[in-house]
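One-letter residues, chain by chain:
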Amino acid sequence: MATAPLLDSFDRAILDLLQRDNTLPQREIAEAVHLSTPAVQRRIKRLQDSGVIAANVAVVAAAKVGRPLTIIVEVRVVSEQRERVAPFKRRVQDDPAVQQCYSITGDGDFLLLLSAASMEEYEAITERLFGGDDNIERFRTSVALGTLKRSFEVPLAPVL
């Protein structure tokens, strides 16, 4: 496992700003963190090259584009042996409706966050992901009724 680069207070301040709005001009970031624009540019490039900044994306309001359902699915497999779970992992990776997938502890083995336009589409998604896979023991579905908080921001200071 690669070690994480050391982040100083300037790096953390830059990351904090970018997590809130990654379209901020580097000049504005430089003013806010009290560095020159070229220094900010070099730091952002280093943060991208090292993988600290994993992506620069727009967060789309799913309901505004016809995908109002957020569905959480806990999946339990029969066997976690690599060769038995590999086909499921490939399907999850390839399916555009899967927004996030985590390998978890507890009663389930995986937790999926899905986006769907309708329950009919969700049924089709479950058939694609789970249908015919004898290694899927069960899956449990929860439909989000509302959103209390949605964020991808990572706390950059200790949260006590």
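Shown above is the structure to which this text applies.
Reading the values: rules and limits
Residues numbered from 1 in each chain as written. Predicted model: local features only at pLDDT ≥ 70, side-chain atom pairs only at ≥ 80, totals over all residues. Heavy atoms only, no water. Pairing = 2+ DSSP bridges. Helix = DSSP H or I, 4+ residues; strand = E, 2+ residues; numbered from the N terminus. Axes fitted to C-alpha atoms, helices over the stretch in contact; angles between N-to-C directions. Contact = heavy atoms within 4.5 Å. Buried < 20%, exposed > 50% of the residue type's maximum accessible area, 1.4 Å probe, protein only. Core = buried A, V, L, I, M, F, W, Y, C linked by side-chain atoms within 4.5 Å. Parallel < 35°, antiparallel > 145°, perpendicular 65-115°, else oblique. Left-handed = near helix turned anticlockwise from the far one by under 90°. Phe/Tyr/Trp six-rings, centres within 6.5 Å; stacked < 30°, edge-to-face > 60°. Salt bridge = Lys/Arg side-chain N within 4 Å of Asp/Glu carboxyl O.

Draft legend 1. Local environment of the sheet that holds strand E2 (residues 98-103). Strand order in the open sheet formed by 4 strands is E2-E3-E1-E4, with antiparallel pairing between adjacent strands. Each having just a single partner strand, E2 and strand E4 (136-143) make up the two edges of the open sheet. Averaged over all pairs of adjacent strands, the angle between their axes in this sheet comes to 20°, without regard to strand direction. Across 5 bridges, the pairing between E2 and strand E3 (residues 110-116) is antiparallel. Pairing of Val98 across the sheet is with Leu114, part of E3. Contacting strand E1 (69-77), E2, E3 and E4, helix H4 (residues 82-94) crosses the sheet at an angle of about 30° to E3. Contacts between helix H5 (residues 119-130) and the sheet are confined to E1, E2, E3 and E4, with E3 contributing the most and set at about 140° to the helix.

Draft legend 2. Fine view of the pairing of E3. Burial runs high along E3: 5 of the 7 residues are buried. Bridge count for E1 against E3 is 7 bridges, and the pairing is antiparallel. By the bridge assignment for E3, Leu69 is matched with Ala116. Here E2 hands over to E3 after 6 residues, with Gly106 in that stretch at a positive phi of 105°.

Draft legend 3. Structural detail: the nonpolar core. Membership of the largest hydrophobic core comes to 19 residues, with the highest contact counts inside it found for Val73, Val75, Phe88, Leu112, Leu114 and Leu129. For this core, the secondary structure elements donating two or more residues are E1, H4, E3 and H5. With 5 residues, E1 is the largest single contributor of residues to this core. The contacts of Leu129, once residues within four sequence positions are left out, are Phe88, Arg91, Val92, Asp95, Val98, Leu112 and Leu114. Ranked by size, the runner-up nonpolar core spans 10 residues in total, among them Leu18, Val40, Ile44 and Ile53.

Draft legend 4. Quick look at the packing of helix H1 (residues 9-20) against helix H2 (residues 26-33). Interhelical geometry of H1 versus H2 gives an angle of 130° and a closest axis separation of 10 Å. Regarding the angle of H1 to H2, the classification is oblique. Seen along the crossing, H1 lies across H2 with a hand that is right-handed. Note on element contacts: H2 touches H1 through Ile29, Ala32 and Val33, opposite Phe10, Ala13, Ile14, Leu17 and Leu18.

Draft legend 5. Layout of the packing of aromatic side chains. Using the criterion set out here, one finds 3 aromatic pairs in the structure. Among the aromatic residues, those joined into a cluster by ring pairs are Phe88, Phe110, Phe130 and Phe139.

Draft legend 6. Broad picture of unusual backbone geometry. In this model, His34 sits at a positive phi of 65°, which is unusual for a non-glycine residue. Turning to its location among the elements, His34 is positioned in the loop between H2 and helix H3 (37-49).

Draft legend 7. Inspection of the pattern of salt bridges at higher detail. This model, assessed by the stated rule, comprises 16 salt bridges. The residue Asp16 makes a salt bridge to Arg20 at a minimum N-O spacing of 3.0 Å. Taken together, the residues span about one helical turn, with Asp16 and Arg20 both in helix H1 at a distance of 4 residues. Taking relative accessible area as the criterion, Asp16 reaches 28% and is therefore assigned partly exposed.

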